[in-house]
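The chain contents come next:
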Amino acid sequence: MSANSPAAVLVLAAGEGTRMKSKALPKVLHEVCGRSLLGHVVAAAEELTPQQLVVVIGHLKELVAEHLKSAHPAARAVVQEQQNGTGHAARVAVEALAADGVTLDGTVIVVYGDTPLLTAATLRSLAEQHHAQGNGATVLTANVPDPTGYGRILRAAAGSADEGSVFGIVEHRDATAEQRAVTEINSGVYAFEGKLLIDALARIGTDNSQGEEYLTDAVEILREAGHRVGAVVAEDYRDILGINDRVQLAEARRLLNDRLLERAMRAGVTVVDPASTWIDVQVGYEPDAVLLPGTQLHGATHLGEASRVGPNSTLTDTVVGAGATVSNTTAERAEIGPGATVGPYAYLRGGVVLGAKGKVGTFVEIKKSTIGAGAKVPHLSYMGDATIGEGANIGAASVTCNWDGVNKYPTVIGKHARVGSDTMLVAPVTIGDGAYTAAGSVIDGDVPPGALGVSRAKQRNVEGWVARRRSGTASAEAAAAALGEAAGQPEA
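Residues numbered from 1 in each chain as written. Predicted model: local features only at pLDDT ≥ 70, side-chain atom pairs only at ≥ 80, totals over all residues. Heavy atoms only, no water.

A. Spatial organisation of empty space enclosed by the protein. Counted under the stated rule, the structure contains 1 cavity of 30 Å³ or more. When its volume is computed, the largest cavity comes out at roughly 30 Å³. Taken together, Ala264, Val269, Ile279, Val283, Tyr285, Leu291, Leu297 and Leu303 make up the lining of the largest cavity. For the lining of the largest cavity, the per-class residue count stands at 8 nonpolar, no polar and no charged. (1 Å grid on protein atoms, 1.4 Å probe; cavity = no way out; pocket = protein on both sides within 12 Å on 5 of 7 lines; lining within 4 Å. Points joined across faces, edges and corners; volume = space filled by probe spheres on them. Nonpolar A, V, L, I, M, F, W, Y, C, P; charged D, E, K, R; others polar.)

What follows is the structure in structure tokens.
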């Protein structure tokens, strides 16, 4: 069997995570850069294409199982009803596989569900070196700046018969001063030979202060049985960092975001201020895209070539076309066409499609609408459930009145139509191709192509009203002065 295709990856994710201080959410479902902690681990495991991918769940198992079903349907959830230690969790997983006739003939990797920085490359290196060295078990280790609190890796001395192999893992509290000087620590991630792991798990006892089955005991059992235990050092020690509280959650988010931004910049994206720019793992981009400060890109957002986003823009599941500009904008599930401009201070709600070289301007909200190529909604307007034809122009302060309190209705505005400022479009209504509406109109009937729709009361001026009703005010004084000048009389 290829080392690149393990027999199984077992993800241990049953714990409560009490230090997260969360009543509603298990630790492994807290999010970092667009994925749950568990989701990052499972995604890395999936890149190894294991024959079996098992996630051991326990605390708030219904939530975790539903998350896996939605985000990672290929992963199998196995319940650890009582959280009796890491060794017990691994045993629950292999027993569930055995019940289905799976023999685990090959490499089995065991990881934890709270290590979002763990990469597929690190896991692949672990599997490959485990296979190449012929180990019974292989420990993923790391050299850390401060090993305090971690279990130290004790290796066979240089020149010995089994040089470099692991002959012990000693906990910090039990280590001698010499052992505490060791900076190589145990990550808790392992590769095992499947059949050896099954045998070792059956022999783990509970003779410890917690009365639990520890996976580290399986490593010791194999070593004492004469099987070689090796170690693979992670290239980046941060890969192995686990999350136990919200401070570490924030630290992991910062580290992962830095990795994602570096990847984007090396792919040709300009990030003006990485410290204030945040992107999710699913975000895509083309060369010469520019991200200005204060920008957040979430979900499956994709930036086209030479597009420009920011400052202070938040895009979720939004496609930005080549050469488009998006400034001070919030957009959700929107499609912004090539060369289009959005903002500043625009809001694109779900289902907006803005055509090539279209414009959505300042203080404009668009919801579930299609705006044709070159069409413009420049400022101070709301368009909902609308179809706006190419080249159309929507005057300032215009509104589609699309909801009657129960149902939503469509508005259709034709090609090269001109909607005058402060027009209320009472849906359902159609403005034909090339038609106009007069400013200040309430349009509740269709306007034929090429026609002018007018619906407003005739203006009436009440002469002398200010002098009679607002006597003594600054307005009355200004009016009197203006009337005196108009009549050719000197100002009093």
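B. Representation of helix H10 (residues 474-486) in the model. An ideal rise of 1.5 Å per residue puts 18 Å on 13 residues; H10 measures up with 18 Å between its terminal C-alpha atoms. Just past H10, the residue glycine 488 takes up positive phi, approximately 80°. (Helix = DSSP H or I, 4+ residues; strand = E, 2+ residues; numbered from the N terminus. Expected span 1.5 Å × (residues − 1).)

C. Quick peek at the sheet that holds strand S17 (residues 302-303). An order of S14-S17-S20-S23-S26-S29-S32-S35-S38 is seen for the 9 strands of this open sheet, with the pairing classed as parallel. Strands with a single pairing partner mark the edges of an open sheet, and in this sheet they are strand S14 (284-285) and strand S38 (429-431). (Pairing = 2+ DSSP bridges.)

D. Summary view of the side chain of asparagine 328. Secondary-structure assignment places asparagine 328 in the loop between strand S21 (325-326) and strand S22 (329-332). For asparagine 328, a relative accessible area of 16% gives the class buried. In contact with asparagine 328, not counting residues within four places along its chain, are Gly310, Pro311, Asn312, Ser313, Pro344, Tyr345 and Ala346. (Buried < 20%, exposed > 50% of the residue type's maximum accessible area, 1.4 Å probe, protein only. Contact = heavy atoms within 4.5 Å.)

E. Layout of the packing of helix H3 (residues 86-99) against helix H6 (residues 194-203). Relative to each other, H3 and H6 sit at 125°, their axes nearing to 10 Å. With respect to H6, the element H3 is oriented oblique. Note on packing geometry: the crossing formed by H3 with H6 is left-handed. Of the residues in H6, those in contact with Gly87, Ala90, Arg91 and Val94 of H3 are Leu197, Ile198 and Leu201. Within the contact of H3 with H6, the residues separate by chemical class into 5 nonpolar, 1 polar and 1 charged. (Axes fitted to C-alpha atoms, helices over the stretch in contact; angles between N-to-C directions. Parallel < 35°, antiparallel > 145°, perpendicular 65-115°, else oblique. Left-handed = near helix turned anticlockwise from the far one by under 90°.)

F. Spotlight on the layout of surface pockets. Taken as a whole, the second largest pocket spans an internal volume of roughly 600 Å³. Top contributing element to the lining of the second largest pocket by residue count: helix H4 (residues 120-133), with 6 residues. Of the residues belonging to the lining of the second largest pocket, the class tally is 15 nonpolar, 5 polar and 8 charged.

G. Structural view of the nonpolar core. Residues Ile336, Leu348, Val360, Ile366, Ile388 and Ile413 are the most contacted members of the largest nonpolar core, which totals 55 residues. Elements represented by at least two residues in this core include exactly helix H8 (246-266), strand S25 (346-348), strand S28 (364-367), strand S32 (386-388) and S38. Looking at which element gives the most residues to this core, the answer is H8, with 6 residues. Other than its neighbours up to four places away in sequence, isoleucine 366 contacts Tyr347, Leu348, Arg349, Val352, Val360, Ile371, Val377 and Met383. Core analysis: the second largest hydrophobic core is formed by 36 residues, Val139, Val166, Ile204 and Ala218 among them. (Core = buried A, V, L, I, M, F, W, Y, C linked by side-chain atoms within 4.5 Å.)

H. Local environment of the pattern of salt bridges. Counting across every chain of the model gives 16 salt bridges. Across the salt bridge formed by arginine 91 and glutamate 95, the nearest N and O atoms sit 3.2 Å from each other. Of this pair, arginine 91 and glutamate 95 both sit in helix H3, 4 residues apart, roughly one helical turn. Overall, the relative accessible area of 44% leaves glutamate 95 in the partly exposed class. In this structure, the salt-bridge partner of aspartate 236 is arginine 259, at a minimum N-O distance of 3.5 Å. Residue aspartate 236 is found in the loop between strand S11 (229-233) and H8, and its partner arginine 259 is found in helix H8; the two are separated by 23 residues along the sequence. A relative accessible area of 22% means that arginine 259 is categorised as partly exposed. (Salt bridge = Lys/Arg side-chain N within 4 Å of Asp/Glu carboxyl O.)

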